[in-house]
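Structural features, examined
Next come the chains, spelled out residue by residue.
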Amino acid sequence: GNAMGMIAALTGSDFVEVPTTLMHYNDATTSAKKAFSLVVNGEILSKNILGTFYLPQLVFCISEVFLTLSSSSVHAAVGEAAKTMSMLGKANSAAGQQDFHNILGASEFASDFTRITHNTSGFEQLVLFLRKTLHLKEQAMQLGRRLREGSEGSSPSDRREKLEAERAAVLAQLRAAFHDQSSAAGRAEVMRFLTAINEEVIK
């Protein structure tokens, strides 16, 4: 998001974001900042040293991609969303107007981050699902790496087709694990949790 947003801003191009993680989902829908940090040998020397503000024309979110996340990614995203919601949730109060007066339109986007706490069971169900299906995600990633290596070399087309079919089958197993094998109650809890984040972050 930051890299492509920065390039779009510099070239004046139309910008559409397709988040593939919950963290990116939160950033894409609540932040216009597109910036780079100065990193040397894995150490951040300067945060957001070069950047701009550039809004996407569209944020296209596909909830099913969240089924391939790691549990740590979900934890990080919930923390980020809670921070954002806490800031915006206070924006229409007297204290919030003083603390966050420089957030343009903050009061119009006032959110209630406590809604997350009412859907913790869905958060726990999602994390359990991600841990349970970790082996499927690893298989899909391994097949993806083999496809990439094949595209960079001179791999026969029939070999690529076989790898693509294997990867599609693994991803189908992953989707089935959620839609068909998970309990209806568990799926409903996960969807309520994701909906709480989506509605409070995006509204």
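Presented here is a report on the structure given in the accompanying data block. (Residues numbered from 1 in each chain as written. Predicted model: local features only at pLDDT ≥ 70, side-chain atom pairs only at ≥ 80, totals over all residues. Heavy atoms only, no water.)

**Some words on the side chain of Lys-34**
Where we set the bar: Strands here mean DSSP runs of E at least two residues long; helices mean DSSP runs of H or I at least four residues long; both are numbered from the N terminus. Burial classes follow relative accessibility: with a 1.4 Å probe on protein chains only, a residue under 20% of its type's maximum area counts as buried, one over 50% as exposed, and anything between as partly exposed. In protein, a polar contact requires one atom able to donate a hydrogen and another able to accept it; more generally it is a pair of N or O atoms within 3.5 Å, and residues adjacent in sequence count only if both atoms are side-chain atoms. Only heavy atoms enter the contact rule, under which two residues are in contact if any of them lie within 4.5 Å.
Examined against the element boundaries, Lys-34 turns out to sit in strand β2 (residues 33–40). Accessibility expressed as a relative area gives 3% for Lys-34, which makes it buried. Of the polar contacts made by the side chain of Lys-34, one reaches the side chain of Glu-17; its length is 2.8 Å. Leaving out residues up to four positions away in the same chain, Lys-34 has contacts with Gly-1, Asn-2, Gly-5, Met-6, Phe-15, Glu-17, Leu-50, Gly-51, Thr-52 and Tyr-54.

**Some points on the pairing of strand β3 (residues 43–53)**
Stated formally: Two strands qualify as a pair provided DSSP detects at least 2 bridges between them.
With 7 bridges connecting them, β2 and β3 associate as antiparallel partners. Residue pairing across strands places Lys-33 opposite Phe-53, the latter belonging to β3.

**Some thoughts on helix α5 (residues 120–132)**
Since the α-helix packs 3.6 residues into each turn, any two residues three or four apart lie on the same face. Condition: Each residue after the first adds 1.5 Å to the expected span of a helix. This arc is taken over the directions from the axis of the helix to the C-beta atoms.
Over its 13 residues, α5 runs 18 Å from end to end, which matches the ideal 18 Å to within 8%, given 1.5 Å per residue. Of all the residues in α5, the buried ones are Gly-122, Phe-123, Leu-126, Val-127, Phe-129 and Leu-130. Considered in projection along α5, the buried side chains sweep an arc of 160° and stay on one side of the axis. Facing away from the buried side of α5 by over 90 degrees, the exposed positions are Leu-128, Arg-131 and Lys-132.

**A closer look at the environment of Ser-46**
Within the secondary structure, Ser-46 sits in strand β3. For Ser-46, a relative accessible area of 23% translates into the label partly exposed. C-alpha of Ser-46 to C-alpha of Phe-36: the two residues are 10 residues apart in sequence and 9.1 Å apart in space. Among all residues touching Ser-46, those that are not within four sequence positions of it are Ser-37 and Leu-38.

**Thoughts on the packing of aromatic side chains**
Stated precisely, the cut-off is as follows: Pairing of aromatic rings covers Phe, Tyr and Trp, the last through its six-membered ring, and needs centres within 6.5 Å; plane angles under 30 degrees mean stacked, over 60 mean edge-to-face, and all others mean tilted.
Inspection of every chain in the model, using the stated rule, returns 3 aromatic pairs. A ring pair is formed by Phe-123 and Phe-193, whose centres lie 5.6 Å apart and whose planes are at 55°; its orientation type is tilted. With a gap of 70 residues between them, Phe-123 in helix α5 and Phe-193 in helix α8 (residues 184–202) connect regions that are remote in the sequence. Taking relative accessible area as the criterion, Phe-123 reaches 17% and is therefore assigned buried. Centre to centre, the rings of Phe-129 and Phe-178 are 5.5 Å apart; their planes meet at 75°, and the pair counts as edge-to-face. Of this pair, Phe-129 sits in helix α5 while Phe-178 sits in helix α7 (residues 157–179), placing them 49 residues apart in sequence. A single burial state applies to Phe-129 and to Phe-178, both of which are buried.

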